[in-house]
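Chains, contacts and geometry: an overview
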Amino acid sequence: MKPDVMADGIYRVAAKIGNRDLFEGIWPIPHGVMLNAYIVKGSEKTAMIDLVKDWDGASEAVDRQLDELDSNNGNLDFLILNHMEPDHTGAMVAFVEKHPNVEILCSDKAVALIRHFYKIEKNVRPVKDGETIDLGGKTLKFFMTPNIHWPETMMTYAVEDRILFSCDAFGSFGQYEHCFDDELTLRERTLLEGETERYYANIVSSFSSFVLRGIAKLADLPISQVAPSHGVVWRGEPEKIIAWYKSLATYMDGPREKEITVIWSSMYGNTAALVPFVVEGAESEGLKVHVLEIPQTHASFVLEKAWRSEGLVIGMPTYEYKMFPPMYHILDLLERSHVQKRKTMRFGSFGWSGGAQKQFDVFSETMKLDCVGVVEYQGSATEEDKKRAYAMAKEMARQIRNA
Ligand code: FEO
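Residues numbered from 1 in each chain as written. Predicted model: local features only at pLDDT ≥ 70, side-chain atom pairs only at ≥ 80, totals over all residues. Heavy atoms only, no water.

A few words now on helix α4 (residues 108–118). Where α4 is concerned, the buried positions are Ala110, Ile114 and Tyr118. One side of α4 holds all its buried residues, which, seen down the axis, span an arc of 50°. Exposed side chains of α4 directed beyond 90 degrees from the buried face belong to Lys109 and His116. Close packing links the buried residues of α4 with α2 (86–89), α3 (92–98), β8 (103–106) and β9 (124–126). Of the residues one or two after α4, Lys119 is the one with positive phi, at around 60°. (Buried < 20%, exposed > 50% of the residue type's maximum accessible area, 1.4 Å probe, protein only. Helix = DSSP H or I, 4+ residues; strand = E, 2+ residues; numbered from the N terminus. Arc of directions from axis to C-beta. Contact = heavy atoms within 4.5 Å.)

When its domains are assigned, the chain resolves into domain 1 (4–250) and domain 2 (257–402). Every contact between the two is made by 14 residues of domain 1 and, on the other side, 12 residues of domain 2. When the two sides are added together, the surface that domain 1 and domain 2 hide from each other amounts to roughly 1100 Å², 61% of it contributed by carbon and sulfur. When the buried surface of domain 1 facing domain 2 is broken down by residue, Glu197, Arg198 and Ser206 rank first, second and third, together holding 38% of it. (Domains from an automatic or database assignment. Buried area = accessible area lost by both parts, 1.4 Å probe.)

Turning next to the environment of Met84. Looking at the element boundaries, Met84 is found in the loop between β7 (78–80) and α2. Setting aside residues no more than four positions away along its own chain, Met84 makes contact with Thr89, Ala110, Leu113, Ile114, Phe117, Tyr118, Trp150 and Glu152.

Membership of the largest hydrophobic core comes to 94 residues, with the highest contact counts inside it found for Met48, Ile104, Phe170, Tyr245 and Leu334. Ranked by residues supplied to this core, first place goes to helix α5 (residues 186–204) with seven residues. The residue makeup of this core includes at least three contributed by each of domain 1 (4–250) and domain 2 (257–402). Ignoring any residue separated from it by four or fewer positions in sequence, one finds Tyr245 in contact with Asp168, Ala169, Phe170, Gly171, Thr196, Tyr199, Tyr200, Val204, Val211 and Ile215. Counting 24 residues, the second largest nonpolar core, distinct from the first, contains Val40, Met144, Ala158 and Ile163. (Core = buried A, V, L, I, M, F, W, Y, C linked by side-chain atoms within 4.5 Å.)

This paragraph deals with the sheet that holds strand β15 (residues 257–264). With respect to topology, five strands assemble into an open sheet ordered β16-β15-β17-β20-β21, the strand pairing being parallel. Looking at which strands have only one partner, the edges of the open sheet turn out to be β16 (288–293) and β21 (370–378). Pairs of neighbouring strands in the sheet enclose a mean axial angle of 15°, with direction left out of account. Relative to β21, strand β20 (residues 343–350) runs parallel, the two being bridged by eight bridges. Paired with Phe350 across the two strands is Gln378, which belongs to β21. Strands in contact with helix α12 (residues 383–402) are β15, β17 (309–315), β20 and β21; relative to β21, the strand with the most contacts, it is inclined by about 170°. (Pairing = 2+ DSSP bridges. Axes fitted to C-alpha atoms, helices over the stretch in contact; angles between N-to-C directions.)

Right under this line is the structure:
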């Protein structure tokens, strides 16, 4: 890859990560992910904003681009770390060896993390909210934006060029040939649609109240480009990604899309037998319904759909007196991600005894779910069970539609 010119003296140095690994060791990235770092050159000094991790050739790719910018000879003045997660700092030890005099600027809270992760203390200087540095015709200003998505996170703003370097915020999964939103192909735009929402649901959703706080804090800032550390640089429509993130963050407490996500699992088909009736009932009110079978579908994709949907249907059998284990895993993730206050119903079969519902009730309470009802039955579903499932899903959809 070549460095991308964002403005006079401002460049993106990026790496494309393939699909072999899981992101954060948990989330699949079938379309890969970008690691973006940035170079800002003033007339006197040069700063690098964020790093990469030595992952799938990222360090070498970024090194080559730094060579092209003549910024790889120990001649960088500042390393600005907006966020300490290792996908943006993993290459730090090697970087500091190559740039022994670089001054590392970060938030107060990041100082200890730099020490713990990389045993580096020299030349580390915490910056304050609103503090600026002058590179010579290029001013960088720092904004503390805690918990988007770690407590130490901050953003860096290039004042003269009005570029916001937002690190994880406003990011997306996916690998893109083009750097900027206004030069994407149709295929890339389609990919970006899905991969922004899945990234948000997987990585950021838990911190939605902080996202809203951060967006409010930056509301008066003139922004010509949003430059996140994953995904594309938003140059054509920077306001679009900010508004999009605001909508995604709003899903936490609502309102959300008038859609229903049906998450179901079955051991021998007795719970599966009700799925078509539930789907038909929900669709009969004109709502869009997402149907996801687990564990066949990875939690990443389940979370994406559940996050946006006003309605949540859980279909699962009892397994050894408790919830079906793959569904426990899903509900645990949904709860952690603050999927809450959804209109909900549950259905499922049991053999010798029930038990799933009792455990589900605990999740239901913690997640503040508004449960319209339960269809639970021993063995196989009767015609009456099927009718009840249809009617319950229809009623749930009606309530969502009319809310
Ligand atoms: Fe892309 Fe929170 O690291």
